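What follows is each chain in one-letter form.
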Amino acid sequence: MDKIEGVKIYILGTAGSGKTVLTHSLQIWMQDMGLEVATVNLDPGETNLPYSPEVDIRDWINLYDVMDHFGLGPNGAQILCADELALKADEVKRSLDEFDYDFVLVDTPGQMELFAYRESGRILIDALGSENSILAFLLDPVMAKTPGGFVSLQMLSLSVQFRFSLPQVNIISKSDTLKEETIEKIMEWNTEPESLYDELISEKGILKEMNLEFLRALEIIGMQGSMITVSSEEYSGMEDIYNLAVQIFGGGEDLRGD
Ligand SMILES: Nc1nc2c(ncn2[C@@H]2O[C@H](COP(=O)(O)OP(=O)(O)OP(=O)(O)O)[C@@H](O)[C@H]2O)c(=O)[nH]1
Ligand SMILES: [Mg+2]
């Protein structure tokens, strides 16, 4: 069977949403399926990676060295690292070209805004080649399960989608931490915004009006359709990510080896 090669999955999401653990679990799942998978770590401050990345930004830039050298705190140093990352984009690309792969899983930095909103993320994606690329946007379940939190994450996801203009899938991460009925409710909010209105209206506090306006704006712009749930602990939802990639880039063909 023909295999398409080199699908890149950029894993983005707010701090602690599960990007790194998903990179690891998805790699294991895909390898079990007979796929060649490379991983890329773009977090210069990562101290405890569960996987061994084929390409690791820390080989070029280390957050703690930057903090020491420039006398910066972690946030200032992250900003500097993000800009340095853009300068290293071609080297990252050359390192990646050394591998023959079906999938590349790109684990992005904890502070999502540095990758998503500074030029570095854009430059890196352009350097690696945006063809055959998908953005997997993780929605932290702690935020996603409240109506206001869900609206905020949808806004964030939409702004990332506008910024990168790549096929994007929204993923509720750590689904093993949610009750089945909570997952059903979140899925309903995604497909039927009226149900979200009802919940937002009954919320208390000064954010209520703002969230309602945000939701109206989201409806006008168009809420995104595709949303799946994933648990890296339980290896659930991995096949959905894979199937989506097949659907988008493989013309429906199975990418798995014989
Ligand atoms: N129960 C459960 N916990 C998870 C899952 N995925 C990640 N976690 C936990 O969530 C925490 C954060 O996970 P990470 O993968 O480090 O999150 P991250 O988005 O890479 O974090 P930063 O890079 O710091 O932004 C860790 O304590 C993980 O063990 C999951 O599927 N289920
Ligand atoms: Mg991480």
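Just so you know, these numbers come straight off a predicted model, no measurement behind them. (Residues numbered from 1 in each chain as written. Chains lettered and ligands numbered in written order. Predicted model: local features only at pLDDT ≥ 70, side-chain atom pairs only at ≥ 80, totals over all residues.)

Draft legend 1. Looking closely at the overall build of the protein chain. Each helix and strand in the protein chain was counted, giving twelve helices and seven strands. Radius of gyration (C-alpha) of the protein chain: 19 Å, near the 18 Å computed for a compact globule of 258 residues. Expressed along its principal axes, the backbone C-alpha trace of the protein chain runs to roughly 55 × 55 × 30 Å. Across the 258 residues in the protein chain, those meeting the buried criterion constitute 40%. Counting contacts in the protein chain only where the partners sit at least 6 residues apart, residues at least 24 apart contribute 76% of the total. (Helix = DSSP H or I, 4+ residues; strand = E, 2+ residues; numbered from the N terminus. Rg over C-alpha atoms; globule rule 2.2 N^0.38 Å. Buried ≥ 20, exposed ≤ 12 C-beta atoms within 10 Å, placed from the backbone. Contact = placed C-beta atoms within 7 Å.)

Draft legend 2. Structural view of helix 9 (residues 180-191). Spanning twelve residues, helix 9 covers 17 Å between terminal C-alpha atoms, matching the ideal 16 Å at 1.5 Å per step. Among all positions of helix 9, only I186, W189 and N190 are buried. Along the axis of helix 9, the buried positions cluster into a sector of 100°, meaning they face one direction only. Turned more than 90 degrees away from the buried face of helix 9 sit E180, E181, E184 and T191, all of them exposed. Residues of helix 9 that are buried in the fold lie against helix 7 (141-144), helix 8 (147-164), strand 6 (168-172), helix 10 (193-201) and strand 7 (227-229). (Expected span 1.5 Å × (residues − 1). Arc of directions from axis to C-beta.)

Draft legend 3. Here's a closer look at the sheet that holds strand 4 (residues 103-107). In space, the seven strands of this open sheet follow the order 3-2-4-1-5-6-7, with parallel pairing throughout. At either end of the open sheet lies a strand with only one pairing partner, and these are strand 3 (55-56) and strand 7. In terms of strand pairing, strand 5 (residues 133-139) meets strand 6 through five bridges, oriented parallel. Among the inter-strand pairings, L139 is bridged to a residue of strand 6, identified as I172. (Pairing = 2+ DSSP bridges.)

Draft legend 4. Structural context of the pairing of strand 4. A large share of strand 4 lies buried, amounting to five of its five residues. Here strand 4 shows two buried faces, one formed by F103, L105 and D107 and the other by V104 and V106. Direction of pairing for strand 1 (residues 7-13) relative to strand 4: parallel, over a ladder of five bridges. What sits directly across from I9, in strand 4, is L105. Where strand 2 (residues 37-41) lies against strand 4, five bridges are found, and the strand directions are parallel. Directly across from T39, in strand 4, lies its bridge partner L105.

Draft legend 5. View of the site of ligand 1. As a structural note, the neighbourhood of ligand 1 is formed by 17 residues, with G18, K19, T20, V21 and G110 the closest of them. Here the element with the most residues in the shell around ligand 1 is helix 1 (residues 19-32); it accounts for three residues. A per-class count over the shell around ligand 1 returns two nonpolar, ten polar and five charged. (Near = placed C-beta within 6 Å. Nonpolar A, V, L, I, M, F, W, Y, C, P; charged D, E, K, R; others polar.)

Draft legend 6. Structural detail: the confidence of the model for the protein chain. Per-residue pLDDT for the protein chain averages 89, and the proportion of residues at 70 or more is 94%. Per-residue pLDDT, averaged within each element of the protein chain, yields its smallest value for helix 11 (residues 207-221) (78) and its largest for helix 1 (97). (pLDDT = per-residue confidence, 0-100.)

Draft legend 7. Representation of the packing of helix 2 (residues 63-70) against helix 3 (residues 74-87). Between helix 2 and helix 3, the least distance of the axes is 9 Å, while the angle of their chain directions is 110°. As judged from the angle between their axes, helix 2 and helix 3 are roughly perpendicular. Facing L63, V66, M67 and F70 of helix 2, the residues of helix 3 in contact are P74, A77, Q78, L80 and C81. Residues of the contact of helix 2 with helix 3, tallied by class, amount to eight nonpolar, one polar and no charged. (Axes fitted to C-alpha atoms, helices over the stretch in contact; angles between N-to-C directions. Parallel < 35°, antiparallel > 145°, perpendicular 65-115°, else oblique.)

Draft legend 8. Representation of the pairing of strand 6. Counting buried positions along strand 6 yields four of five residues, so the element is predominantly enclosed. Pairing of strand 6 with strand 7, which is carried by three bridges, proceeds in the parallel orientation. What sits directly across from I172, in strand 7, is T229.

Draft legend 9. Quick peek at the environment of L80. Note on placement: L80 falls in helix 3. Judged by the 17 C-beta atoms lying within 10 Å of it, L80 falls in the partly exposed class. Sequence spacing of L80 and I61 is 19 residues, and the spatial spacing of their C-alpha atoms is 9.8 Å. Here L80 is in contact with V66, F70 and L72, once residues within four sequence places are set aside.

Draft legend 10. Structural detail: helix 11. In this model, helix 11 (15 residues) spans 21 Å end to end at C-alpha, consistent with the 21 Å of a helix rising 1.5 Å per residue. Positive backbone phi, at 110°, marks G222, one or two positions downstream of helix 11.

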